[in-house]
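Coordinate inspection notes
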Amino acid sequence: MSSFKREKKEEEDGGGNPFQNIEKTTVLQEARTFNETPVNPRKCTHILTKILYLLNQGEQFGSTEATEAFFAMTKLFQSKDVILRRMVYLGIKELSSIADDVIIVTSSLTKDMTGKEDLYRAAAIRALCSITDSTMLQAIERYMKQAIVDRNSAVSSAALVSSLHMTKIAGDVVKRWVNEAQEAVNSDNIMVQYHALGVLYHIRKSDRLAVTKLVAKLTRMSLKSPYAVCMLIRITAKLLEEEGDSGNSNNHLFEFIDSCLRHKSEMVTYEAAHAIVNLKRTSSRELAPAISILQLFCSSPKPTLRFAAVRTLNQVAISHPAAVTACNIDLENLISDSNRSIATLAITTLLKTGGESSVERLMKQISMFVSEISDEFKVVVVQAIRALALKFPRKHSVLMNFLSAMLREEGGFDYKASIADTIITIIEDNPDAKETGLAHLCEFIEDCEHTSLAVRILHLLGKEGPRTKQPSRYIRFIYNRVLLEDPRFRAGAVSAMAQFGATCPDLLENIQVLLTRCQMDPDDEVRDRATYYSNILSRQDKSLYNNYIIEPMKISISALERSLQEYIQGDTEQAFDIKSIPVVSPLAAEEIQTIAQKTDGMLSSTGPASKPVQASREENYIKELSNVPELQQLGPLFKSSDVVELTESETEFVVRCIKHSYTKHLVLQFNCTNTLSDLLLENVRVQVDPSEGYNIVKEIPCPKLPYNETGTSYIILEFPSDLSQSVGTFGAVLKFIAKDCDPTTGIPDTDEGYGDEYILEDLEVTPSDQIQRVSKVNWSAAWDEATEANNYSMMNIVFSLSSVSTLEEAIKNVVQYLGLQAAEHSDKVPEGKTVHTLLLAGVFRGGADILAQAKLVLADTVTMELTVKATEESVAELIVFAIE
Amino acid sequence: MGSSLKKLAFFLGIKRKEVNVLVIGLNNSGKTTVINHFKNDEEKVEKTEIVPTVGFSVEKFQNQNLAFTAFDMSGHGRYRDLWEHYYKDCHGIIFVVDSSDRLRLVVVKDELDLLLQHPDVSKRRIPILFFSNKMDCKEALSSVKIAAALGLDKIMDKPWHISASNALSGEGLQEGVEWLTQQIREYITNKNLKKFYRFIEI
């Protein structure tokens, strides 16, 4: 293989590529030959090859030149040369997206796809589907249906795959071909069967009942095609995953996957094993046969099988450690596999499952070949080390040394970032490792080419450095950056130094000197920061330090940008009010991470999960709410709650509620879904029975709600002036005018409807709806400051939480109910402790700051002493009152 | 020497020659049916199977030693703009008119005028054959009346011919196409003779 590659390379070097020097304009000139009669097939084929070559090299064709070439190409239909015709099909497919009026070849292609020449038919179908849009699809529908059930397998496959592509532009039309696809599933040809199953699933995938039926039917008949069986396993696994633990009804589904473990095709057995180990519900007894299949593959002579098996084992090493440990001997053998990818995965799997004693040996083994593997696998190694460090905190020095060695080597950004991430995680998790970790990172930024990474590390140094035993030693590293690097480094370094100045009083003087030097910097941003920090630090005021240096800005940056833009455009005399910007909750960032980490469904046809950058929850709602004029006068949105289900799922109507808090108003947003196909709802609204003190300001009903659509209605309420009344339970009833209608068309039978109502579950308004989480880096400083300041009022209460039996549970409940953010990792309880202090912070609607300290003691039940400090007395009262 | 003889035979049109003709006209005038009539028995499509053409389709047929490649264009309003792409390299045009559709005769006239004014057509002495199709219909106009309505008498620089036809039965089609064959042969011979004279002068 390798010698073949070399030969090929040499050939290329020697100018072996006949298309090396072709130019677009020349080729397009040559394409005029297509217009000549009679057609010269050999010449034209060669020119077409050149056009295709150019297109595949990424050459851009303008729409005019593409159209001209396309129409010249259409004249080649008069030639009967098979090779030329097939090149024309390829040309049509490539140019169909660039040229205009490509529809011109429709009849010619239809003729070819229904004609006698089998060599033309499949390719003609593919070309035809590439030029057809949703309006034209009706015209060729009849031919497509015939082609799907054609006796020629190539034709049938081409039609099925094309149908799958067509679902993107005209899903409704393709849905009508379900009978033909059904027939094709029974085909003897393995590819046709596979493609037909793909189409069938795609048509039905939004309807779970239909998928269930499909699976039930296909698992009974034995499919001939191993590809189709693999696909069926994926569908079944997805179905099992979605339905969760709903009893024994799914047993036959699982039995099917289990039976596939004994299939004669390796592909199928692997797929089944992979599905079983990845299912959440799998019990250890069910797991055993699947693992033994993977174990068998580990010693297979085929590298692909070994790779697949060890990769799967690696993925599930954390969720099923015991089962994977059974394969340890096989994995040990794979450590020295000649394929480095397999070796890496084997070692990292062993690291995940192995005991503390084997860590050092395995690390040595990896370091032997870490330079030979690609970045992608190095990241896998780093992730394994991260898991290891969390598992065996005592081994941190070995791991840290290894990581720093890796950090010094060459590598891409993703690789370096994952190492830095791991070191940061270790530092945060393990106080013993902090000093060494920071030292390694300091060394790393001395010579780091990735600006964003270096800035992150500088930020971390600023956060953690001041609290180490000897803060001054980090300043040299940071100040070095100011001397050398580009402006972004320097700005980051300035901010980090300011943190030291604010936290360590004895270093303040030195920091001031450094900052003064930075004020001469050639870059605006660096100078601005230096001046800003130097000014604040010169005031010698603790609370200024806390609010403007140590704590990060707690408002949403993107919302701030938008509001400032609006402010500049408007001609208002008023000063800009920073309180109008929504406070961003630190939770939002964590949520995004968990979403990104979720593995996507097993069906690879859906493609890799996209990871869009998400705006905070509030910002998404602001966009939605800005469409309702009545809500504009309420001021800025303060907080939006999680979605609350007011109905059980799978009822006639589904109603979900979101509570939006404004400074003085509460807006309830009801998202209603109509699941009855024979009913059209009008004037849909939710009537609430608010608790005492609330005033209903306005109701905004949803005018119309057809089947399978979601409409929104709003209620605007005024918060009670007495804060203690703002917590309560609201009764809710869905009211609407129902009209019977034709299920297929959705047109109502009569103009007159009848009023009806539907009782919903009660809606609770809690303090957390009115409180936005705030992340405090230095909570104790803020607490001390609040004790000294006289604008804080304090409330204290002791009571026992009888319903919970562990500290973790108690913390979770308190945090959730109050909607406050735990600071300084105080929501994590060290193992075995019975006394814990939880530190909380937040801001109330209207802007009152809240700090809370909860001392928890675990006896038989949990007893809690809650101390609340807030800038408004009534807020402190409310929190204490609410927790009772 | 042998190749010169071949060329000579070719120039004089003795050898069987391939020609391109363009078949145009409004939608539902019967273009595809007309072409279908000329095809070999084995390639013929059942008359009930003929559906509106989308874009164009290429058909081949023979007439008196001349191999025709017909570009059967779609007559639908949406696609008429695309006809012009095929004007350049055709040797003759067959223009099919639905003689029973009096209402759209003005549309036919518009399209014809556009064709005659097109730079790829106006400068060439290209023969045009008109089929006044659907002559069996009760309200069909006679070919004379069609010719008058379309103002064919004003076409001075091109040979043209109109024949009443019924594409379903094939009546009138053969006569028209024989005229076209004759014209194309002359057209090519004339063109080639000029070249030939130049050839022997050298």
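Residues numbered from 1 in each chain as written. Chains lettered and ligands numbered in written order. Predicted model: local features only at pLDDT ≥ 70, side-chain atom pairs only at ≥ 80, totals over all residues. Heavy atoms only, no water.

Structural notes on the overall build of chain A
Scanning chain A for helices and strands turns up 37 helices and 17 strands. Counting only residues that meet the buried cut, chain A has 50% of its 884 residues in that class. Considering only contacts within chain A whose residues lie at least 6 apart along the sequence, 63% involve residues at least 24 apart. Accessible surface, chain A as shown: approximately 43700 Å² in total, 50% of it carbon and sulfur. (Helix = DSSP H or I, 4+ residues; strand = E, 2+ residues; numbered from the N terminus. Buried < 20%, exposed > 50% of the residue type's maximum accessible area, 1.4 Å probe, protein only. Contact = heavy atoms within 4.5 Å. Areas by Shrake-Rupley, 256 points an atom, 1.4 Å probe, with all protein chains shown as cover.)

Regarding the UniProt feature "binding site: Mg(2+)" (unreviewed entry) in chain B
According to UniProt, the feature "binding site: Mg(2+)" (unreviewed entry) maps to T32 and T53 of chain B in the numbering used here. Over a stretch of 22 residues, the named residues converge on one spot in the fold, their C-alpha atoms separated by at most 7.7 Å. Each residue touching T32 of chain B, except ones within four places of it in the same chain, is listed here: I50, T53 and D72 of chain B. The topology assignment puts T53 of chain B in the loop between helix 2 (31-38) and strand 2 (56-63). The exposure class assigned to T53 of chain B is buried, which follows from its relative accessible area of 13%. Not counting the four nearest positions on each side in its chain, T53 of chain B is found in contact with S107 of chain A together with T32, D72 and S74 of chain B. (UniProt positions renumbered as here; feature names shortened; annotations may be inferred.)

A word on the interface of chain A and chain B
Contact residues are listed per partner, giving 21 residues for chain A and 23 residues for chain B. Buried surface at the junction of chain A and chain B, both sides included, amounts to about 1900 Å², of which 55% is carbon and sulfur. For the chain A face of the interface with chain B, the top three residues by lost area are K75, Q78 and I104 of chain A, together amounting to 28%. At the boundary of chain A with chain B, the tally comes to two salt bridges. Note that D89 of chain B and K75 of chain A form a salt bridge whose closest N and O atoms lie 3.7 Å from each other. Viewed at the interface, chain B and chain A are joined by eight residue pairs in polar contact (both at pLDDT 80 or more). (Buried area = accessible area lost by both parts, 1.4 Å probe. Salt bridge = Lys/Arg side-chain N within 4 Å of Asp/Glu carboxyl O. Polar contact = N/O pair within 3.5 Å; in protein donor to acceptor, adjacent residues only side chain to side chain.)

Regarding the packing of helix 26 (residues 451-464) of chain A against helix 28 (residues 487-503) of chain A
Residue and element names in this part refer to chain A. Contact geometry for helix 26 and helix 28: axes closest at 8 Å, N-to-C directions at 5°. Here helix 26 lies roughly parallel to helix 28, going by the angle between them. Contacts between helix 26 and helix 28 involve T451, A454, V455, L458, L461 and G462 from the former and R488, F489, G492, A493, A496, Q499 and F500 from the latter. (Axes fitted to C-alpha atoms, helices over the stretch in contact; angles between N-to-C directions. Parallel < 35°, antiparallel > 145°, perpendicular 65-115°, else oblique.)

Let's talk about the pattern of salt bridges
Counted by the stated rule, this structure contains 28 salt bridges over all chains. For E525 of chain A, the salt bridge goes to R529 of chain A, with nearest N and O atoms at 2.8 Å. With a gap of four residues between them, E525 of chain A and R529 of chain A both fall in helix 30 (residues 524-538), about one helical turn apart. In this structure E525 of chain A comes out as partly exposed when scored by relative accessible area, which is 40%. Residue R529 of chain A is classed as partly exposed on the basis of its relative accessible area of 28%. A salt bridge links K158 of chain B to D157 of chain B, with the nearest nitrogen and oxygen atoms 3.5 Å apart. Taken together, the shared-partner salt bridges in this structure form one network comprising K111 of chain A together with K39 and E59 of chain B.

Regarding the packing of aromatic side chains
With the rule as written, the count across this model stands at 17 aromatic pairs over all chains. Here Y694 of chain A and F719 of chain A contribute two aromatic rings whose centre-to-centre distance is 5.9 Å and whose plane-to-plane angle is 50°, an arrangement assigned as tilted. Placement of the pair is Y694 of chain A in the loop between strand 5 (679-689) and strand 6 (695-700) and F719 of chain A in the loop between strand 8 (710-718) and strand 9 (728-740), with a sequence separation of 25 residues. An identical accessibility class is assigned to Y694 of chain A and F719 of chain A; each is buried. Members of the aromatic cluster, connected to one another through ring pairs, are F70, F71 and F77 of chain A together with F56, F71 and Y86 of chain B. Lying across the ring of F719 of chain A, R845 of chain A places its NZ or CZ 3.5 Å from the centre. (Phe/Tyr/Trp six-rings, centres within 6.5 Å; stacked < 30°, edge-to-face > 60°. Lys NZ or Arg CZ within 6 Å of the ring centre and 35° of its normal.)

Looking at the confidence of the model for chain B
For residues with low pLDDT, the predicted coordinates do not support detailed interpretation. Mean pLDDT over chain B stands at 86; residues scoring 70 or higher make up 91%. Of the two predicted TM-score estimates for the complex, the pTM is 0.62 and the ipTM is 0.84. (pLDDT = per-residue confidence, 0-100.)

Looking at the packing of helix 27 (residues 472-484) of chain A against helix 29 (residues 508-518) of chain A
Residues and elements named next belong to chain A. Packing of helix 27 against helix 29 leaves a shortest axis separation of 11 Å and a crossing angle of 10°. For the element pair helix 27 / helix 29, the angle class is roughly parallel. In contact with I475, Y479 and V482 of helix 27, helix 29 contributes I511, L514, R517 and C518. Looking at the contact of helix 27 with helix 29 residue by residue, the classes come out as six nonpolar, no polar and one charged. (Nonpolar A, V, L, I, M, F, W, Y, C, P; charged D, E, K, R; others polar.)

Observations regarding the side chain of S768 of chain A
All names here are of chain A. On the secondary structure map, S768 appears in the loop between strand 11 (763-765) and strand 12 (771-773). For S768, a relative accessible area of 12% translates into the label buried. A polar contact is formed between the side chain of S768 and the side chain of T766, at a distance of 2.8 Å. Sequence-distant contacts of S768, that is, excluding residues within four places in its chain, are made with K639, Q816, Y817, L818 and G819.

Description of the confidence of the model for chain A
Residue and element names in this part refer to chain A. The predicted model of chain A averages 80 in pLDDT, with 91% of residues at 70 or higher. Predicted confidence for residues 1-12 stays below pLDDT 50, and this span has two contacts to residues more than four positions away or in other chains. Note that pLDDT drops below 50 for residues 587-614; the model gives that stretch 18 contacts with residues more than four away or on any other chain.

Focus on a negative patch on the surface
A contiguous patch of negative charge, built from E648, D689, E761, D762 and E764 of chain A, is present on the exposed surface. Here E761 of chain A lies in the loop between strand 10 (754-759) and strand 11. (Patch = residues over 30% accessible without salt bridge, like charges linked within 9 Å, V, L, I, M, F, W, Y side chains within 5 Å. Lys, Arg positive; Asp, Glu negative; His and termini not counted. Charge placed at Lys NZ, Arg CZ, Asp CG, Glu CD.)

A short note on helix 17 (residues 303-316) of chain A
Residues and elements named next belong to chain A. Taking 1.5 Å of rise per residue, the 14 residues of helix 17 would be expected to cover 20 Å, and the 20 Å separating its terminal C-alpha atoms lies within 8% of that figure. Along helix 17, the residues that are buried comprise L305, R306, A308, A309, V310, T312, L313, N314 and V316. On its buried face, helix 17 is in contact with helix 15 (266-278), helix 16 (284-298), helix 18 (321-325), helix 19 (328-334), helix 20 (340-353) and helix 22 (375-391). (Expected span 1.5 Å × (residues − 1).)

Quick notes on the environment of L294 of chain A
All names here are of chain A. In this fold, L294 is placed in helix 16. With a relative accessible area of 0%, L294 lands in the buried category. With 24 residues separating them in the primary sequence, L294 and Y270 have C-alpha atoms 7.2 Å apart. Look past the residues within four positions of L294 in its chain and what remains in contact with it is Y270, A273, V277, A309, T312 and L313.

Regarding the nonpolar core
All names here are of chain A. Grouped together as the largest cluster of nonpolar side chains are 234 residues, with contacts concentrated most on F34, F70, I92, L109 and M406. Counting residues per element, this core draws most heavily on helix 13 (residues 226-243), which supplies 10 residues. If sequence neighbours within four positions are ignored, L109 has contacts with F77, Y89, I92, A124, A127, L128 and I131. The next biggest cluster of nonpolar side chains, apart from the first, holds 34 residues, and it includes F799, L818, L856 and I879. (Core = buried A, V, L, I, M, F, W, Y, C linked by side-chain atoms within 4.5 Å.)

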